[in-house]
Amino acid sequence: MTSTLTFNQSAAVRPAAGSAAVARAVPATGADLLQVRNLSKIFGPKPERALQMLREGKGRNEIFEQTGHMVAVNDVSLSVRSGEIFVVMGLSGSGKSTLVRLLNRLIEPSAGQVILEGQDIAAMSAGALQQVRREKMSMVFQSFALLPNRNVIDNVAYGLEVAGMPRTERYEKAQKALARVGLDAYARMFPSELSGGMQQRVGLARALAVNPSVLLMDEAFSALDPLIRSEMQNELLRLQKEERRTIVFISHDIEEAIKIGGRIGIMKDGCLIQVGTPAELIQSPANDFVRDFFRHVDVSRFLKAANMLEQPEAAARVACNIDGPAERLLATLADGGIECAYVCDEAGRYQGCVTQASLHLAGAGAVRAAFLADAASVNLDTDLQQLTDMALRQHHDVPVLDTAGRLAGIVSCRTILKHVMQRRHA
């Protein structure tokens, strides 16, 4: 499979002509495993003219009217980190499904690069590309794409068979893949004997059997009934927790995207509008188009204390002996004009919250006697809904602790109220 178009190529990563050797690198978790650089796809016989018009600032509709060429993907650049689920979402016609097919060259790019583990897929020979598809990039389709004349285990083992793996070894790997998705007891059944959800599990097992570097999933659950769809999303998250695979997931459903996506890329008219975590997209949308995606979604569970964190005034973070006299700490706060303080030990571990009033009531007693009973602390993963409930019960800002119990910062009641009102008026 070769292209008649010109790509931006890097000689340093281009394989030798006709070579089928594909190096297998193991990047550190969180490192960029897949990079997309200035990737474009123009449908039509003469894409060069349309590409030039894009460089001149012409719009998608204008290019179609003047040339009859459709800009499906327009100068997209992104990176996918090792071990993350990266969701690409957008409305119908946004270019998301075309983009995922450009990643493994099921569709030939018009321009740009797709760098997987240091190699440019867009510049690969047919032999090298075929090996990448067999060993490093598996795909799960919306339509299941199972072979009806083969039983379940033969469907799962099909890719291994095509790769030339011996029968005993490929069946062993296929059986293990079926066990991972809970279908090991159905190995000898045929696709027609399975429910839609079970068929999709078979498709997922087939993709997992080759142990790919990247798993591509194109609207993989959208044809399923809502309940089965939710079960498959949970199954994917379970597998991800156990195996930390790198997944590019295409979806048009914002609820699905924010449920499974570590980061989300939003597309419109072939362009990548914004990339970020659900919380980043919710808090700082690039434009009204991104904001509208979340307008009718309850996003309170995706806004965490970590996303609303503020630092108290330096003088309000106090390190002292909690068995020492409250009167001494009261004098320190009064001198600094600090009404409320967060008491930590010498290691920075949070002990409690005090005010001038509570210290005054403690008098000659210990600082610990002045701790406010209603000033509960939370961790960084506490969501907006839980924070709202706390803000209604207490009169002070909420202390936020890290995993070691240290004071990471506070979430002010004002910030909590602001986010609640934004959700209500959205």
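What you see is a predicted model, and the numbers here were worked out from it, not measured in a lab. (Residues numbered from 1 in each chain as written. Predicted model: local features only at pLDDT ≥ 70, side-chain atom pairs only at ≥ 80, totals over all residues. Heavy atoms only, no water.)

(A) Seen up close, the overall build of the protein chain. Within the protein chain, the secondary structure is distributed over 16 helices and 16 strands. Each of the three principal axes of the protein chain carries a C-alpha extent, and together these read 85 × 60 × 45 Å. Within the protein chain, buried positions represent 51% of all 426 residues. Across the protein chain, contacts joining residues at least 24 apart in sequence account for 68% of those joining residues at least 6 apart. (Helix = DSSP H or I, 4+ residues; strand = E, 2+ residues; numbered from the N terminus. Buried < 20%, exposed > 50% of the residue type's maximum accessible area, 1.4 Å probe, protein only. Contact = heavy atoms within 4.5 Å.)

(B) Looking closely at the side chain of Ser-251. As for its placement among the helices and strands, Ser-251 is situated in strand β8 (residues 246–251). The class for Ser-251 is buried, based on a relative accessible area of 0%. Of the polar contacts made by the side chain of Ser-251, one reaches the backbone nitrogen of Asp-253; its length is 3.0 Å. Apart from residues no more than four positions distant in its own chain, Ser-251 is found in contact with Val-87, Val-88, Met-89, Gly-90, Lys-96, Glu-219, Arg-229 and Glu-256. (Polar contact = N/O pair within 3.5 Å; in protein donor to acceptor, adjacent residues only side chain to side chain.)

(C) Representation of the UniProt feature "domain: ABC transporter" (unreviewed entry) in the protein chain. Per the UniProt entry, the sites bearing "domain: ABC transporter" (unreviewed entry) are residues 34–294 in this numbering. For residues 34–294, helix accounts for 42% and strand for 24%, while the C-alpha atoms at its two ends are 27 Å apart. (UniProt positions renumbered as here; feature names shortened; annotations may be inferred.)

(D) Region of the structure containing the confidence of the model for the protein chain. Across the protein chain, the average pLDDT comes to 85, with 92% of residues at 70 or higher. Scored below 50 in pLDDT, residues 1–28 makes 62 contacts in the model with residues more than four places away or belonging to other chains. (pLDDT = per-residue confidence, 0-100.)

(E) Looking closely at the state of the cysteines. Going through the model one piece at a time under the given rule, you end up with zero disulfides. Cys-340 provides the cysteine sulfur closest to Cys-413, a residue in no disulfide bond, and the two sulfurs are 10 Å apart. Under the relative-accessibility criterion, Cys-413 is labelled partly exposed at 23%. (Disulfide = S-S within 2.5 Å.)

(F) Region of interest: the domain arrangement of the protein chain. Considered domain by domain, the protein chain is made up of domain 1 (83–303) and domain 2 (307–423). Facing the eight residues of domain 1 at the interface are eight residues of domain 2. The largest per-residue losses of area from domain 1 upon contact with domain 2 belong to Gln-283, Ser-300 and Leu-303, which jointly make up 69% of the total buried on that side. Inspection of the domain 1/domain 2 interface yields zero salt bridges. Looking at the side of domain 1 that touches domain 2 residue by residue, the class counts come to five nonpolar, two polar and one charged. (Domains from an automatic or database assignment. Buried area = accessible area lost by both parts, 1.4 Å probe. Salt bridge = Lys/Arg side-chain N within 4 Å of Asp/Glu carboxyl O. Nonpolar A, V, L, I, M, F, W, Y, C, P; charged D, E, K, R; others polar.)

(G) Looking closely at the pairing of strand β15 (residues 398–401). Residues Val-398 and Val-400 point to one face of β15 and Pro-399 and Leu-401 to the other, with burial holding for every one of them. Of the strand pairs in this sheet, strand β14 (residues 378–379) and β15 are connected by two bridges, and their pairing is parallel. Each residue of the ladder has a partner; that of Asn-379, found in β15, is Leu-401. The parallel pair β14 and β15 is bridged by helix α15 (residues 384–393), and the resulting crossover is right-handed. The pairing of β15 with strand β16 (residues 407–411) spans four bridges and is antiparallel. Residue pairing for β16: Val-400 is matched across the bridge by Gly-409. Counting the residues in the hairpin turn of β15 and β16 gives five residues, including Gly-405, whose phi is positive at 80 degrees. (Pairing = 2+ DSSP bridges. Right-handed = clockwise from strand over helix to strand, strands pointing away.)

(H) Structural view of the nonpolar core. One finds Val-156, Leu-204, Met-217, Phe-249, Ile-266 and Phe-294 to be the most contacted residues of the largest nonpolar core, which totals 66 residues. At seven residues, the largest contribution of residues to this core is made by helix α8 (residues 196–209). The two domains that each donate at least three residues to this core are domain 1 (83–303) and domain 2 (307–423). Setting aside anything within four residues of it in sequence, one finds Leu-204 in contact with Val-140, Val-181, Leu-215, Met-217, Met-232 and Leu-239. With 29 residues, the next largest nonpolar core counts Val-36, Leu-78, Phe-86 and Val-100 among its residues. (Core = buried A, V, L, I, M, F, W, Y, C linked by side-chain atoms within 4.5 Å.)

(I) Here's a closer look at unusual backbone geometry. Of note, Asp-75 is a non-glycine position whose phi angle comes to about 55 degrees, a positive value. By secondary structure assignment, the location of Asp-75 is in strand β2 (residues 70–81). In this structure, Arg-105 takes a positive phi of about 60 degrees despite not being glycine. Among the secondary structure elements, Arg-105 is positioned in the loop between α3 (96–103) and β4 (111–116). In this structure Arg-105 comes out as buried when scored by relative accessible area, which is 2%.

(J) Structural view of the packing of helix α7 (residues 167–180) against α8. The N-to-C vectors of α7 and α8 enclose an angle of 130 degrees; their axes lie 8 Å apart at closest approach. One way to sum up the angle between α7 and α8 is to call them oblique. The hand of the α7/α8 crossing is right-handed. Only Ala-205, Leu-208 and Ala-209 of α8 make contact with α7, whose side of the interface consists of Lys-173, Ala-177, Leu-178 and Arg-180. (Axes fitted to C-alpha atoms, helices over the stretch in contact; angles between N-to-C directions. Parallel < 35°, antiparallel > 145°, perpendicular 65-115°, else oblique. Left-handed = near helix turned anticlockwise from the far one by under 90°.)

(K) Spotlight on the packing of aromatic side chains. If you walk through the whole model with that rule in mind, you get two aromatic pairs. On the basis of an interplanar angle of 85 degrees and a centroid distance of 5.1 Å, the ring pair of Phe-289 and Phe-293 is categorised as edge-to-face. With Phe-289 and Phe-293 both in helix α12 (residues 288–293) and four residues apart, the pair spans about one turn of that helix. Positioned over the ring face of Tyr-171 is Arg-188, at 6.0 Å from the centre of the ring. The ring of Phe-289 carries Lys-268 above its face, with NZ or CZ at 5.5 Å from the centroid. (Phe/Tyr/Trp six-rings, centres within 6.5 Å; stacked < 30°, edge-to-face > 60°. Lys NZ or Arg CZ within 6 Å of the ring centre and 35° of its normal.)

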